[in-house]
Structures are given as structure tokens and as C-alpha cells.
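Listed below are the residues making up each chain.
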Amino acid sequence: MIVSLPVFLPLAFMIFAFLFRHYHGREYVAVGAAALNLAVSVILVLKTGSEGMLKVQMGNWPAPYGITLVADRFSAMMVLVAAIVFLATMAFSVHALDVKRKRFGFYLFAFGILMGVNGSFLAGDVFNLYVWFEVMLMASFILMSHGGERNQLEGSVKYLILNLISSFFFVAGIGLLYGKLGTLNMADIAAKLMEFDTMPPEINPAFILIFVGFAIKGALVPFFFWLPASYHTPPPVVTALFAGLLTKVGIYSLIRFYTLFLHQHGEFWQPLILWVAGLSMVIGVITATSQFDFRKVLSFHIISQVGYVVMGLGLFTVAGLGGAIYFLAHNMISKTNAFLVAGYVHRRKGTLSLKTLGNFYKEHPLWSVFFFISAFSLAGLPPLSGFIGKYLLIKAGIEAEYMGIALTALFVGFFTLFSMVKIWMEVFWKVEPENKKIKQRNLTNKADLKQSAAWMTWASGGMALVIVLGGVFATPIVEYCTQAAESLMSPQLYIDFVLN
Amino acid sequence: MELIIAIFIGLLYACGVYLLLRRSIVKLILGVFVLSNATNLIIFLSGGIQRSGISFIGEQAEKASLESMTDPLPQALVLTAIVISLGISAYILALKYKYFEKTGTHDLDQLSKTDQK
């Protein structure tokens, strides 16, 4: 029962939200529902922590035939982190988003994203995973273009086309896989693959198609172009929601598929995954340094940081996977909070171009602290959560004797620090350049300036607190991640649990 | 039969990719539709195709042999995929309309206003 709640709850909200005709009621109900979703996911984490795995057979059809929802420690953890991110963005949007967008169903589609994301984390069936992906994508398409500004429509076209193509890759892969194996249940596919001594060559094309699908969704090199072309166009709170949730689902699915299926053909996939990880890290971080838009710098960093997670997967040791899971959770929270600060800067200054910003530290010291915490957590400064994540991954890389990738990860850390310092210098420390054009732009959102920002402060402050706590009290979290990695490393457990 | 459909799918993919590479947004969208149909056909084909075979059998009927049956699952999957692509088609056309209203252009090369110069 508890396993299906994270999917059921957003759906129930979407239906009941129609009852609240006035948007003002709707936004508080949305925050309440997001808090409820967080409570459910905490219960889910505690339950999987004690029992290991949970499952629900939809409509009581037995495992390989019906749709299964499975929650193991990894997916429960992801559901929890997604719930934290979602609650923060919902609370942030109460004061951050304009009335027009709120009135036209922003919360409906935001909960649509949550439903799709939670569903993908819990799906135990390949086609079901695809359907959840589509639910998530459909809602995100709408949020991307919601409001209908010219920039947004332009970003939406790019986002839409490339994400649709990734869906085609994924579905075509599923079709071929079903044609070869005759099953869609993940556990059943893994069991059937285990019967072969070596992976039969005719199955690999299906997995390559699926891998490309996930790589586009997860914004890995060389398929990342849609992300920096579109993430800076919608309102900042929407970007924060996307940055926290969407690409991470692609990476989650890649980890799930690799540990269940692809590792059985490890001699082909492991070098490929490691190369993709290394290139994503390097190319993402180097392209970020040349950008002069607050959100574009952060968007390119998503690519680099996704590379770290995939590197932990490519090492394929318990330590590496545990580090990858911790890093994924850390990244979802820190990245979202960095975008939330960008939202606040946008509210106060009316622009996000680094060249025209300045003086922020003098005017808003509290928000500078929030940005400092999240940005330097991304860069990996102790005692913040990013340091623990990077430390675990690099240590695992050295232990597994993949020196090249471990050194790349270290080296990329410096560049991350560089661009975070760049944002810090340009937005927070520099004296604001005098420019008539900018002044005018500021005047246009004078109404915004007067509005209260209390909910924004609480949301971003809460996230900053989570980042600090995640770094200081890392021991139980790392332990949980290691247990999650151990159960991922022994797919037989998963197969036996789902099929029996 | 399967071979003919497989070749047909290949042709559809070729057409779809060709349309995707055109400069006009309308042709791009048509390309997406063609690709989505080609992908649906792949799923349809993955269950194998039997002429005049049946998928479901009534309780009183005598047992049908497995050879004369087509796997019904891919057909159910294709139905799901078609419904999804219907929703996406509706959205994508609305987006195109709105984009044209704002900018008055069909040209993909005009989509560079948000890029860093």
C-alpha cells in the first residue's frame, strides 16, 4: 500500500485541485500535499530500511504478467529526496511565481511531474517505466512553455523535440527487447538474461537504443544539448524543479538497468559508461566556465555533475555505487537550491546576466549565505554534503584502480570551484555597474519588488540547512546508501523478491 | 509479412529523419509524427504477426494452438503508445501555433534568440 502512495497522492491532488477555484487556496493546498508526500516518503524510507524491499502487484496479477511497483532502498531514497526538492520548490513558488501562472494550473502540472518522477522511481516494469517517463515529460513540456513568453516558446521547441526523440529511442529499444525475450518485467528480464552464459549479440542493439534514450534524458555527453538550450527560459522556480528532478530520473533508470541487465555484458558497457562519465564531467564543466548567465552556468554544471554519478556507476563496486547514490541525492538538493537563489536574484534585480548584476552581498546577506552553502557544496567544500559525495566517489575510484577517472574527477572539482567563484564574484561581491537600461528593467518589475518573499526565504533556507546537515551527519546516510548499493550489486535478491 | 513491414519501418525512419533535418518547424513536427508511428510499428512487430490468428479465446472454445496465436501484449502496448503520441501531437501543434503567433516565422534558424552570442 505504502509503495503506491507516492504515485497516488499527486494524482489525488491533481483531481482535488479543481475544487479550489481561487488560486490562493490552491497554492497552500499544494504546499500541504507536498508536505504529505514528504511524510509518505519518510515512511517508505524507514520501511525499506528495515525490510529491504517492498512490492505491490497492481490488480493482483502475479509478477511477470501484471504491473509491479517495487521499492528498494535506492528507489525509496530517491523518492525521499525528490519529495524534499518538491516541497522546497512548492513553498518557494508561493511568493516567487506570478499570479497568472498560478491561476492557470501551475500546481496541477507540477504535481504531474511529481507523479511521473515517483512512478519512474518505483516502476518494476520496463513499459511502465516508459509510461511514467511520458507522464513526467508531458507535464514538463507544459511547464516549460507555461506563460507563453517568446523565450519560453523557443526553449520549449528545443526541449520538446529532443526529448521526444529520446522517448522514441527508449520505446524502440523496449520493442526489440520484448521481441527477443518476451517479457517486460525487469526482474523477469534479468532472470532470463542470467540463463545465458554470454549476452547474446542480438539483444545488445535493444540495450544500446535504451541507453541512448536514457543518455538524452540524463543529459550525458554527447546528448546534452537540449538542457542548456532550454533550462534558462522558464521562470526560475520551474527551472529549479526541473534541475532537481528530471535529468536525475534518466540517471536513476540507467543505474537500475546497468545493475540488473547491462553488467552481465560488462566488458562492453563498463568502459563505455566510464568514458561517457569522464567526458560529461570535463565537457560540462569547461563549457560552463564560458557562460555569462546565472542559470546557464548552473545548467552546464548539471551535465558535469551527472557525470560524477555515472562514474560511480561505471566503477561498479559497492563503494562506487554507494558514493553515486549519495552524490545523486546531494546534487538534487544543492542544485535545486542554487536555482532557487537564482530565482530570488531574478526577483530583486530583474535579470540574471552576470555582467549586469552586482552588490548582492551588501543588499541581501542572508541570501548570499544560502548561495554560498549550495554553490560551495556543489564545488565540494567540507563540511558540506558535496565534499562527502566527491570524497566517496574519488576514494572508490582509487580503490578500484581506475586512476584516470579518479584524477579527472579531482581535476573537474577545481573547475567547478572556479565557476562557482565566478558567480560569487560577479553577482555577490562586484559593485553593480551603472547602466540606464538595467535601471529601466528594474523599474518594470517594481510591483514584484514590494511583494513579500518570506516563503522564498524559508524554502531556500530549509534547503541550505538540509545541505549542511547532510554533510555534518553523513554517517547514517552513507550507511543507508552503502546498503542500497549492496542490494543493487546482487540482482538475484531483486529477482527472487519480485518473482516470488 | 514481417520482412515487408520491417522494410516499411526502415523507410518511415528514413523519411522521419529527413523531415527532422529540414529548416521549417512544420516539417520538423511532421517528422516527429512519422518517427512516432515508425516506433509504434516496431513494438507491433515485436510480438510477431500471424494472419487470421486470434488473440483471445472464449471459455467454451476448444484450445487454440500457440502457433496460430498472435501475442496480444504488444498490441496493448501500441495502444498505450498511440494514446500518448496523440496527446503529444495535440500539444506540439498548439505550441507551434503559439510560437508562430508570437514570432511569425517557421524558420528553425530563428530559434537563436536565447543563445549566448
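Cut-off values and rules
- Residues numbered from 1 in each chain as written.
- Chains lettered and ligands numbered in written order.
- Predicted model: local features only at pLDDT ≥ 70, side-chain atom pairs only at ≥ 80, totals over all residues.
- Heavy atoms only, no water.
- Helix = DSSP H or I, 4+ residues; strand = E, 2+ residues; numbered from the N terminus.
- Rg over C-alpha atoms; globule rule 2.2 N^0.38 Å.
- Buried < 20%, exposed > 50% of the residue type's maximum accessible area, 1.4 Å probe, protein only.
- Contact = heavy atoms within 4.5 Å.
- Areas by Shrake-Rupley, 256 points an atom, 1.4 Å probe, with all protein chains shown as cover.
- Core = buried A, V, L, I, M, F, W, Y, C linked by side-chain atoms within 4.5 Å.
- Phe/Tyr/Trp six-rings, centres within 6.5 Å; stacked < 30°, edge-to-face > 60°.
- Lys NZ or Arg CZ within 6 Å of the ring centre and 35° of its normal.
- Salt bridge = Lys/Arg side-chain N within 4 Å of Asp/Glu carboxyl O.
- Buried area = accessible area lost by both parts, 1.4 Å probe.
- Polar contact = N/O pair within 3.5 Å; in protein donor to acceptor, adjacent residues only side chain to side chain.
- Pairing = 2+ DSSP bridges.
- pLDDT = per-residue confidence, 0-100.
- Expected span 1.5 Å × (residues − 1).
- Arc of directions from axis to C-beta.
- Patch = residues over 30% accessible without salt bridge, like charges linked within 9 Å, V, L, I, M, F, W, Y side chains within 5 Å.
- Axes fitted to C-alpha atoms, helices over the stretch in contact; angles between N-to-C directions.
- Parallel < 35°, antiparallel > 145°, perpendicular 65-115°, else oblique.
- Left-handed = near helix turned anticlockwise from the far one by under 90°.

Q: Explain the overall build of chain A to me, and be specific about the residues and the numbers.
A: Assigned secondary structure in chain A consists of 23 helices and two strands. The C-alpha radius of gyration of chain A comes to 22 Å, within 12% of the 23 Å expected for a compact globule of 500 residues. Dimensions of chain A along its principal axes, counting C-alpha atoms only, are 70 × 55 × 40 Å. Out of the 500 residues belonging to chain A, those deemed buried represent 66%. Considering only contacts in chain A between residues 6 or more positions apart, those separated by 24 or more positions represent 81%.

Q: With reference to specific residues and values, describe the overall build of chain B.
A: Per the secondary structure count, chain B includes three helices and zero strands. Helices and strands appear in chain B in the N-to-C order α-α-α. For chain B, buried positions account for 36% of its 117 residues. Counted over contacts in chain B with a minimum sequence separation of 6, partners at least 24 positions apart contribute 57%. Total accessible area on chain B stands at roughly 7300 Å², and carbon and sulfur atoms take up 65% of it.

Q: Which residues make up the nonpolar core, and what are the values?
A: Counting 214 residues, the largest nonpolar core has A:Met90, A:Phe207, A:Tyr231, A:Phe242, A:Phe257 and A:Phe294 as the members making the most contacts within it. Not counting residues within four places of it along the chain, the set of residues in contact with A:Met90 comprises A:Ala30, A:Val31, A:Ala34, A:Phe106, A:Tyr107, A:Ala110 and A:Phe111. Counting residues in hydrophobic clusters, the runner-up holds eight residues, among them A:Ala172, B:Ile5, B:Leu12 and B:Ile42.

Q: Lay out the environment of A:Gly386 with the relevant residues and their values.
A: With respect to the secondary-structure elements, A:Gly386 resides in helix H17 (residues 385-399). Leave out the neighbours within four places in its chain, and A:Gly386 touches A:His330, A:Ser377 and A:Gly380.

Q: With reference to specific residues and values, describe the packing of aromatic side chains.
A: All names here are of chain A. A full pass over the atoms with the stated rule returns 39 aromatic pairs over all chains. Taken together, a centroid distance of 6.1 Å and an interplanar angle of 20 degrees make the contact between phenylalanine 387 and tyrosine 391 stacked. You can see phenylalanine 387 and its partner tyrosine 391 sitting in helix H17, four residues apart, about one turn around the helix. Using a relative accessible area of 46% as the deciding quantity, one classes tyrosine 391 as partly exposed. Over the ring of phenylalanine 497 we find lysine 55, and its NZ or CZ is 5.4 Å from the ring centre. The positively charged end of lysine 355 is found above the aromatic ring belonging to phenylalanine 292, 4.5 Å away from the centroid.

Q: Tell me about the pattern of salt bridges, and name the residues and values.
A: Here the structure, examined in full by the defined rule, presents 13 salt bridges over all chains. The partner of A:Arg150 in a salt bridge is A:Glu154, and the shortest N-O contact between them spans 2.8 Å. Of the two residues, A:Arg150 and A:Glu154 both sit in helix H7 (residues 150-181), four residues apart, roughly one turn of that helix. Here B:Lys98 ties to B:Glu101 by a salt bridge, and the two come within 3.8 Å at their closest N and O atoms. Within this pair, B:Lys98 and its partner B:Glu101 are both found in helix H3 (residues 72-103), separated by three residues, close to a single helical turn. Given a relative accessible area of 33%, B:Lys98 falls into the partly exposed group. Within this structure, A:Asp98, A:Arg101 and A:Glu149 form a network of salt bridges that share partners.

Q: Could you give me a rundown of the interface of chain B and chain A, with the residues and numbers involved?
A: In this complex, chain B contributes 32 residues to the contact, which on the side of chain A involves 36 residues. Together chain B and chain A conceal approximately 3100 Å² of surface at their shared face, both sides included; 74% is due to carbon and sulfur atoms. Together, B:Tyr91, B:Thr114 and B:Gln116 form the three largest contributors to the area buried by chain B at its contact with chain A, with a combined 21%. Taken together, the connections running from chain B to chain A amount to zero salt bridges. Inspection of the chain B/chain A interface yields six residue pairs in polar contact (both at pLDDT 80 or more). Secondary structure elements with two or more residues in the side of chain B that touches chain A: helix H1 (2-20), helix H2 (25-46) and H3 of chain B. No other element matches the 14 residues that H3(B) contributes to the side of chain B that touches chain A.

Q: I'd like a description of unusual backbone geometry, backed by residues and values.
A: Residue and element names in this part refer to chain A. That bond from valine 221 to proline 222 is cis: its omega, 0 degrees, falls within 30 degrees of zero. For proline 222, the position within the fold is in the loop between helix H9 (204-217) and helix H10 (226-230). A positive phi angle is found at phenylalanine 316, which is not glycine, with a value near 55 degrees. Within the secondary structure, phenylalanine 316 sits in the loop between helix H13 (294-315) and helix H14 (318-349). A positive phi is found at asparagine 359, a non-glycine position, where the angle reads about 70 degrees.

Q: An account of the pairing of strand S2 (residues 68-71) of chain A is requested, with residue identities and associated values reported.
A: Residues and elements named next belong to chain A. On S2, burial covers both faces: Thr68 and Val70 on one face and Leu69 and Ala71 on the other are all buried. Across four bridges, strand S1 (residues 54-57) lies against S2 in antiparallel orientation. Following the sheet pairing, leucine 54 is matched in S2 by alanine 71.

Q: Got a sec to walk through the confidence of the model for chain B? Specific residues and values, please.
A: For chain B, the mean per-residue pLDDT works out to 86, and 85% of the residues sit at or above 70. Per-element confidence in chain B ranges from a low mean pLDDT of 91 for H3(B) to a high of 94 for H1(B).

Q: Can you lay out the side chain of A:His301 for me, pointing to particular residues and giving the numbers?
A: Looking at the element boundaries, A:His301 is found in helix H13. Residues in contact with A:His301, not counting those within four places in the same chain, are A:Val285, A:Ala288, A:Lys335, A:Thr416, A:Ser419 and A:Met420.

Q: Give a description of H1(B) that names residues and reports values.
A: All names here are of chain B. Its 19 residues place the ends of H1 27 Å apart at the C-alpha level, agreeing with the 27 Å of an ideal helix rising 1.5 Å per residue. Those residues of H1 that fall on the buried side of the exposure criterion are Ile5, Ile9, Leu12, Gly16, Leu19 and Leu20. The buried residues of H1 occupy an angular sector of 95 degrees when the element is viewed end-on, so they sit on one face. When the buried face of H1 is taken as reference, the exposed residues oriented beyond 90 degrees from it are Leu3, Ile4, Ile7, Leu11 and Tyr18.

Q: For a nonpolar patch on the surface, give the residues involved together with the corresponding values.
A: Residue and element names in this part refer to chain A. On the surface, a cluster of nonpolar side chains totalling about 410 Å² of accessible area is made up of Tyr361, Val421, Met425 and Trp429. The element contributing the most residues to the nonpolar patch is helix H18 (residues 403-429), with three residues. With respect to the helices and strands, methionine 425 occurs in helix H18. What makes methionine 425 partly exposed here is its relative accessible area of 40%.

Q: Got a sec to walk through the packing of H14(A) against helix H22 (residues 474-489) of chain A? Specific residues and values, please.
A: All names here are of chain A. At a minimum axis separation of 8 Å, H14 and H22 run at an interaxial angle of 125 degrees. Comparing the axis directions of H14 and H22 gives the class oblique. The crossing of H14 and H22 is right-handed. Taken together, the residues of H22 that come into contact with H14 (itself represented by Val318, Leu321, Gly322, Ile325 and Tyr326) are Ala474, Ile477, Val478, Cys481, Thr482, Ala484, Ala485, Glu486, Leu488 and Met489.

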